[in-house]
Amino acid sequence: MQVDFTKRVLPNGLPVIVHEDHHCPIVGVSVWYHVGSQDERPGRTGFAHLFEHLMFEGSEHQDGSYFQPLQQAGASLNGSTSTDRTNYWEVVPTNALELALWMESDRMGCLLPALTQRKFENQREVVLNERRQNYENRPYGLAPVAMSAALFPPDHPYHWLTIGWPEDLRAATLDEVHAFFATYYHPGNASLALAGDVDPDRAFALVEDCFGAIPAAARPPRTLRRASLPAERRLVLEDRVELPRLYMAWHTPGLFQDGDADLDLAGDILGSGKPSRLYRTLVFDRRVAIDAAAGQNSRELSSLFQVTATAAPDHSLAELEQLVTAEIDRVAAHGPTESELERGLARAEAAFVFRLQHVGGFGGRSDQLNAYNIYLGDPGFFARDWERYTHVTPASIRDIVQRDLRPDARVVLSVVPRGRLDLAVSGSEPIHVS
Amino acid sequence: MSSVDRSRLPIPGPPPTFRFPPVLKRQLPNGLRVWTIEHRLSPVLSAVLVVRSGAAADPLDRPGLAALTGDMLDEGSGHRSALDVQDALARLGADLDTEVSADATALLLTTLARHGRRALEILSDIAARPRLAEEDFLRVRDLRLNRLLQLRHVPSALADKAFLEHLYRDHPYGHLAIGTEAGLRGINLPDVVSFHASRVRPPGAVLILVGDLTHDDGLRAAAEAFGSWTDGSETAPVFDRDADLAQGLDGAGRGVAIVDRPRAPQAELRIGQVGSDRRDPQYHALVVLNAILGGQFVSRINMKLRQEKGLTYGARTAFEFRRGRGPFTLATSVDTAATVDAVREALAELGDIRGARPAEAGELALAKASLTSGYARHFESAEQLARAAAQLALYDLPDDYFDRFVPLVERVQVDEVTRVAQQRLDPDGLLTVIVGDYASMGPGLGALGIGEPTLVGGAT
């Protein structure tokens, strides 16, 4: 559980992390910015993600497609935005490292001169298409929107999803893009990691050439905002679906905080795959559901523990709710068995190793080095991250499940076919999401 | 501190050359071929068992049999119950995927190398000695029927299904692997038992091992786990609908088919025709053609529909090169209000590259470089190498296939691209499938000159 690296910080504040591995003639280039939808404000939701799109529309000295020169060099590339961060990556053949650094640094330093109203409006339309395709036109696609809105108060930045509200996207302006860039897109709020077929001395020299002249700026302040539910909330959402689905979620400790790893393993034991308790009970033994899953969704400010299960035909969400609650209560009372914990650890260890097989891309070594650096200031957190898991015990899982997964502090959402509000669990309040 | 020259883009030097690692090919006495690749870079083992039987072998009246059989393999075997198999795999940190495509069933296992032998024993149980019990069968078939119910509201699945059914009709490629409700209801446990006995057998199957072990250790582990797999095929009926995949392609579907989804916010599009097979001598020219047309972000169709017009989150084309002639498909999801506009633009791009606006030298250079310069990244992990070797096994490709890919793509010329476009893209033979709100697209569609729309059901 170790990835060797060298870290240096440029005078303008940009952290640079280099990991050497020459087995394949490629380099993973990863740039993280510590900005996500949690940095948006009500009325301008979806902005961080829209901004990510604009980062691919060219910069001052390459005022055209960001993709074209890199694809011509044989690179693959992408980016993504979450509540907590925005990441960009290229996987390039060894000979194209300088090109990738030139391109990343030009958009970090000189994005705005190339940004026109036309590009801005075009990408807004693309994002609205993305929202319709992946949320509005997808069965159960609006359930996460409803869950976030119910779990967090309107002024908490996890109240909305990263994709945002359509009316907010339509209200965004180019001036706001300029202000957002100045605040969040600079060396002091970023982290650069290179992994793969690189010579560290040459890599640092290239990075200094490309990024060294970008002006420093102050790291924007972040406030840790917790959230809690004063009481259970029960909601029902109609959707174009065939089978009703139950969602249940709780507030849990944030990423890397005490209890986070315990709940990750609790998710494995309760609802990850066929041997898990929920699958075994609901799908295999009782056959009241066609799927059942549980997991800790770890995030910076506050995490969510969520359970989902879809009713089999002729079975009710009430049956599912009763069985899910009973399984969680059982863990809260007795904890998992030693044997279940061993199995969860075996899977967690394998997942750790599997995701480090690649030097680049989402989840690869360069991405993980940046994640640790952005969230903890320590790119070498691999071994300590894994230690969090080895310290988990059946009793620690029992205690945190007892403390956090309480029936009086959860959101229960029934998603039902249109016109079938009667299929919701009892006491659910109808809501509308679009 | 020096600073980089911003007046021009850095020009990369020559790309690194790529060599596929050696594949050692051997055979067990029971006929199972064992291919090994040494990949000593992370403590991982990936194994693929490739069986050359997939959904194309489904009987005409029981579509879904191959996929249902694939799903039953890990539902208990030997002394292990269905849940015991899953539990045993999880304890080794092993990921098992069963992938049933038109041409093949592939069992793909990735595990920590130190658990390799035990994981291979479980894989062998799954492939060779599945329990195939009635109670598990009924549960698994119900789960698949319920999945089909769910797909009635998944626009991309409805579009894929309608596209294959209308394009291929009764041809073995004319259905999704999951099959249909009637097909699944018509399948009984003896069908699954027969399908397994006649199609999942040591002769014809290939076991590929890639990871942190020597060739000889790999062969030894394979022999220990799979050596006792005997061939029990004598009494089983043969499912051989995929024996002649060239038959029945003359009547391929064309025109416009609509799956109506009233008030849907997006329209899901598929436009295409019967494409080509994996051993087509023009394979590399077709790959280049596709890259220019719709195979990458900076392709003509994505640049037009997304970057210029803002009608979609993305648009792609692909040739599925199969054992027989697989589909060529343009796939996208567009703003409902722009459905007709999007179909018109897509059809124009498919037509223009045949001559009105043939591929240009710059486009060709970009496509070739993007396919070749970073080729090594496709072969970084054990799983990627195992999947690549599985392609060699499935399509009888030569050992040096991956080494020759780059030079063969580099050799493709502009006029070849235009010629294969003329040969393989027939503007009069295209099938267009739209899953969306018919009421808001109806009248404009007729004016496109691609025929009267046919309304088809979305039932599964």
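The rules behind each value
- Within any chain, residue numbers begin from 1 and follow the written order of that chain's sequence.
- Note on labels: chains are lettered from A, ligands numbered from 1, in written order.
- Thresholds applied to this predicted model are a pLDDT of at least 70 for local features of residues and 80 or more for the giving and counting of side-chain atom pairs; totals over whole chains, interfaces and linings are not thresholded and use all residues.
- The side-chain quantities take in all heavy atoms of the structure and omit both hydrogens and water.
- For the purposes of this section, nonpolar cores are sets of buried Ala, Val, Leu, Ile, Met, Phe, Trp, Tyr and Cys residues that join through side-chain atoms within 4.5 Å.
- Residue exposure (1.4 Å probe, protein chains only): buried if accessible area is under 20% of the type maximum, exposed if over 50%, otherwise partly exposed.
- Helix and strand assignments follow DSSP, with helices taken as H or I runs no shorter than four residues and strands as E runs no shorter than two, numbered in order from the N terminus.
- Only heavy atoms enter the contact rule, under which two residues are in contact if any of them lie within 4.5 Å.
- At least two bridges found by DSSP between two strands is the condition for calling them paired.
- Between N-to-C directions, angles span 0 to 180 degrees; the directions come from axes that are lines fitted to C-alpha atoms, helices contributing only their stretch in contact.
- Cavities and pockets are found on a 1 Å grid laid over the protein atoms alone: a cavity is a set of points where a 1.4 Å probe fits but cannot escape, a pocket is an open set with protein on both sides within 12 Å along at least five of seven lines, and a lining residue has an atom within 4 Å of such a point.
- Grid points are joined across faces, edges and corners, and a volume is the space filled by probe spheres set on the points.
- The classification used treats Ala, Val, Leu, Ile, Met, Phe, Trp, Tyr, Cys and Pro as nonpolar, Asp, Glu, Lys and Arg as charged, and all other residues, Gly among them, as polar.
- Two parts placed together each lose some accessible area under a 1.4 Å probe, and the buried area is that loss summed for both.
- A side-chain nitrogen of Lys or Arg and a carboxyl oxygen of Asp or Glu constitute a salt bridge if their distance falls within 4 Å.
- Two N or O atoms count as a polar contact when they lie within 3.5 Å, although within protein this holds only if one can serve as hydrogen donor and the other as acceptor, and sequence-adjacent residues are included solely when both atoms are side-chain atoms.

Caption draft 1: Local environment of the nonpolar core. One finds Leu 101, Tyr 185, Leu 192, Leu 194 and Phe 211 of chain A to be the most contacted residues of the largest nonpolar core, which totals 90 residues. Of the residues forming this core, the biggest block, seven residues, is contributed by helix α3 (residues 97-110) of chain A. When near neighbours in sequence (up to four residues on either side) are disregarded, Tyr 185 of chain A contacts Tyr 33, Val 35, Phe 51, Met 55, Thr 86, Tyr 88, Met 108 and Phe 180 of chain A. Within the second largest apolar cluster, 87 residues are counted, among which are Trp 35, Val 44, Leu 112 and Phe 319 of chain B.

Caption draft 2: Representation of the sheet that holds strand β5 (residues 105-112) of chain B. All names here are of chain B. The sheet built from six strands is open, its strands ordered β1-β2-β6-β3-β5-β4 with mixed pairing. Looking at strand neighbours, the two that pair on one side only are β1 (24-27) and β4 (95-100), the edges of this open sheet. If you compare each strand with its neighbour and ignore which way they point, the axes differ by 15 degrees on average. Judged from the six bridges that link them, strand β2 (residues 33-38) and strand β6 (residues 206-211) form a sheet pairing that is parallel. Bridge pairing in β6 links Trp 35 to Ile 208. In the packing of helix α3 (residues 116-128) onto the sheet, the strands contacted are β3 (44-51), β4, β5 and β6, and the crossing angle to β5 comes to about 160 degrees.

Caption draft 3: Molecular detail of the layout of surface pockets. Residues and elements named next belong to chain A. Here the largest pocket defines a volume of roughly 350 Å³. When contributions to the lining of the largest pocket are tallied by element, the ones reaching two or more residues are β7 (233-239) and β12 (429-431). Take the lining of the largest pocket: its biggest share by element is four residues, from β7. Grouping the constituent residues of the lining of the largest pocket by class yields nine nonpolar, three polar and eight charged.

Caption draft 4: Quick look at the environment of Gly 164 of chain A. All names here are of chain A. Its location among the elements puts Gly 164 in the loop between α5 (143-151) and α6 (166-171). Gly 164 gets classed as buried once you look at its relative accessible area, which sits at 4%. Sequence separation between Gly 164 and His 49 is 115 residues; the distance between their C-alpha atoms is 8.4 Å. In this view, Gly 164 contacts Thr 45, Gly 46 and Arg 131; residues no more than four positions away in its chain are not counted.

Caption draft 5: Structural context of the interface of chain A and chain B. Each partner contributes to the interface: chain A provides 77 residues, whereas chain B provides 76 residues. The contact between chain A and chain B buries some 6700 Å² in all, and 57% of this surface belongs to carbon and sulfur atoms. The tally of links between chain A and chain B comes to six salt bridges. Inspection of the chain A/chain B interface yields 35 residue pairs in polar contact (both at pLDDT 80 or more). Residue assignment for the side of chain A that touches chain B shows that the elements contributing at least two residues are α2 (67-72), β5 (86-93), α3, α4 (117-136), α8 (200-211), α10 (277-285) and α12 (338-355) of chain A. The element best represented in the side of chain A that touches chain B is α4 of chain A, accounting for eleven residues. Here the residues of the side of chain A that touches chain B are counted per class, giving 31 nonpolar, 24 polar and 22 charged.

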